[in-house]
Amino acid sequence: MKEELTELLKECIENGSEADLNVLKQMLEGVRRKQNSENGSYIGAALAMEKKSGDNICEVTIPITPLTYNSLEIVHGGITATLVDTAMGTLANQLLPEGFGAVTTNLNVHYLAPGRQGNLTARGTLVHKGSKTLVIDGKVFSDDGKTVAHSTGSFFVVKKGQ
């Protein structure tokens, strides 16, 4: 496996455009962040997610890079959805007692503007916390403060380990 991976990496580097090399670098740095436990998931590590939390709020920021682009060279809608789901889901999980977790049961995303450059920041805020479900509001902003997306998410409370 290591030899095959080394050969593939060498080939990608030799034939890569500047965008290819930037994406490859971001992916490898993501693997390193995951190995160093700087991110809890490979997707969070690959997207270089940075999290900040406060009272009933969570923010997650990612850089806009070629890795996040769709074919129009704007942020792919799935990346925006992943970003806002992460902010809302992280908040949901932070609000629960030890031994419990939250999983997304519904995600509704309204795309309002494209992400083009700089960073995107998703902010999740609590709407409702019940014993079995949570509802969280999410917004995604560009560096200039423009709202890129508005979202709501429902989360089901589960006992960990079951």
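Structure: above.
Residues numbered from 1 in each chain as written. Predicted model: local features only at pLDDT ≥ 70, side-chain atom pairs only at ≥ 80, totals over all residues. Heavy atoms only, no water.

> Give me the lowdown on the side chain of N39, citing residues and values where you can.
By secondary structure assignment, the location of N39 is in the loop between α2 (18–35) and α3 (42–46). At 3.4 Å, the side chain of N39 and the side chain of R33 are in polar contact. A distance of 3.1 Å separates a polar side-chain atom of N39 from the backbone oxygen of M49. (Helix = DSSP H or I, 4+ residues; strand = E, 2+ residues; numbered from the N terminus. Polar contact = N/O pair within 3.5 Å; in protein donor to acceptor, adjacent residues only side chain to side chain.)

> Report on the environment of S151, specifying residues and quantitative values.
Within the secondary structure layout, S151 lies in strand β6 (residues 147–159). Overall, the relative accessible area of 1% leaves S151 in the buried class. With 45 residues separating them in the primary sequence, S151 and N106 have C-alpha atoms 10 Å apart. Excluding residues that lie within four positions of it along the chain, S151 makes contacts with V84, M88, L107, N108, V109, I136, D137 and G138. Looking at S151, its side chain comes within polar contact range of the main-chain oxygen of N108, at 2.8 Å. (Buried < 20%, exposed > 50% of the residue type's maximum accessible area, 1.4 Å probe, protein only. Contact = heavy atoms within 4.5 Å.)

> How would you explain the side chain of T90 if you had to name every residue and give the values?
Tracing the backbone through its elements, the reader meets T90 in helix α4 (residues 77–94). Among the polar contacts made by the side chain of T90, one reaches the side chain of K51 at a distance of 3.4 Å. Filtering out sequence-adjacent residues up to four positions away, T90 remains in contact with K51 and C58.

> Give me the lowdown on the nonpolar core, citing residues and values where you can.
Soluble globular proteins: nonpolar side chains tend toward being buried together. In this structure, I62, L83, L120, L134, V140 and F155 are the most contacted members of the largest nonpolar core, which totals 28 residues. Looking at this core, the elements that each hand over two or more residues are β2 (57–63), α4, β3 (100–111), β4 (119–129), β5 (133–142) and β6. Sort the elements by how many residues they give to this core and α4 lands first, with eight residues. Sequence-distant contacts of F155, that is, excluding residues within four places in its chain, are made with D85, M88, G89, A92, A102, V103, T104, T105, K132, T133, L134 and I136. (Core = buried A, V, L, I, M, F, W, Y, C linked by side-chain atoms within 4.5 Å.)

> Please set out the sheet that holds β5 residue by residue, giving values where relevant.
Adjacent strands of a sheet pair through backbone hydrogen bonds, lying either parallel or antiparallel. Spatially, six strands are ordered β1-β2-β4-β5-β6-β3 in an open sheet, and the strand pairing comes out antiparallel. Strands with a single pairing partner mark the edges of an open sheet, and in this sheet they are β1 (50–54) and β3. Looking at each pair of strands side by side, their axes are set apart by 20° on average, direction ignored. In terms of strand pairing, β5 meets β6 through nine bridges, oriented antiparallel. (Pairing = 2+ DSSP bridges. Axes fitted to C-alpha atoms, helices over the stretch in contact; angles between N-to-C directions.)

> Let's hear about the layout of surface pockets: which residues, and what values?
Space inside the largest pocket adds up to approximately 230 Å³. Around the largest pocket, the lining residues are L5, L8, L9, C12, L24, M27, L28, G30, V31, Y42, A45 and A46. Sorting the residues of the lining of the largest pocket by element identifies α1 (2–15), α2 and α3 as the ones contributing at least two each. Taken together, the residues of the lining of the largest pocket sort by class into eleven nonpolar, one polar and no charged. (1 Å grid on protein atoms, 1.4 Å probe; cavity = no way out; pocket = protein on both sides within 12 Å on 5 of 7 lines; lining within 4 Å. Points joined across faces, edges and corners; volume = space filled by probe spheres on them. Nonpolar A, V, L, I, M, F, W, Y, C, P; charged D, E, K, R; others polar.)

> Explain a nonpolar patch on the surface to me, using residue names and the numbers behind them.
A cluster of nonpolar side chains, contributed by L9, I13, L21 and L28, occupies part of the molecular surface with about 310 Å² of accessible area. Elements with a contribution of two residues or more to the nonpolar patch: α1 and α2. Among the secondary structure elements, I13 is positioned in helix α1. (Patch = residues over 30% accessible without salt bridge, like charges linked within 9 Å, V, L, I, M, F, W, Y side chains within 5 Å. Areas by Shrake-Rupley, 256 points an atom, 1.4 Å probe, with all protein chains shown as cover. Salt bridge = Lys/Arg side-chain N within 4 Å of Asp/Glu carboxyl O.)

> Describe in detail the environment of A122, supporting the description with residues and values.
Considering the arrangement of structural elements, one finds A122 in strand β4. The spatial distance from the C-alpha of A122 to the C-alpha of L24 is 25 Å, given a sequence separation of 98 residues. Beyond its immediate chain neighbours, meaning those up to four positions away, A122 contacts C58, E59, V60, L83, V84, A87, K139 and V140.

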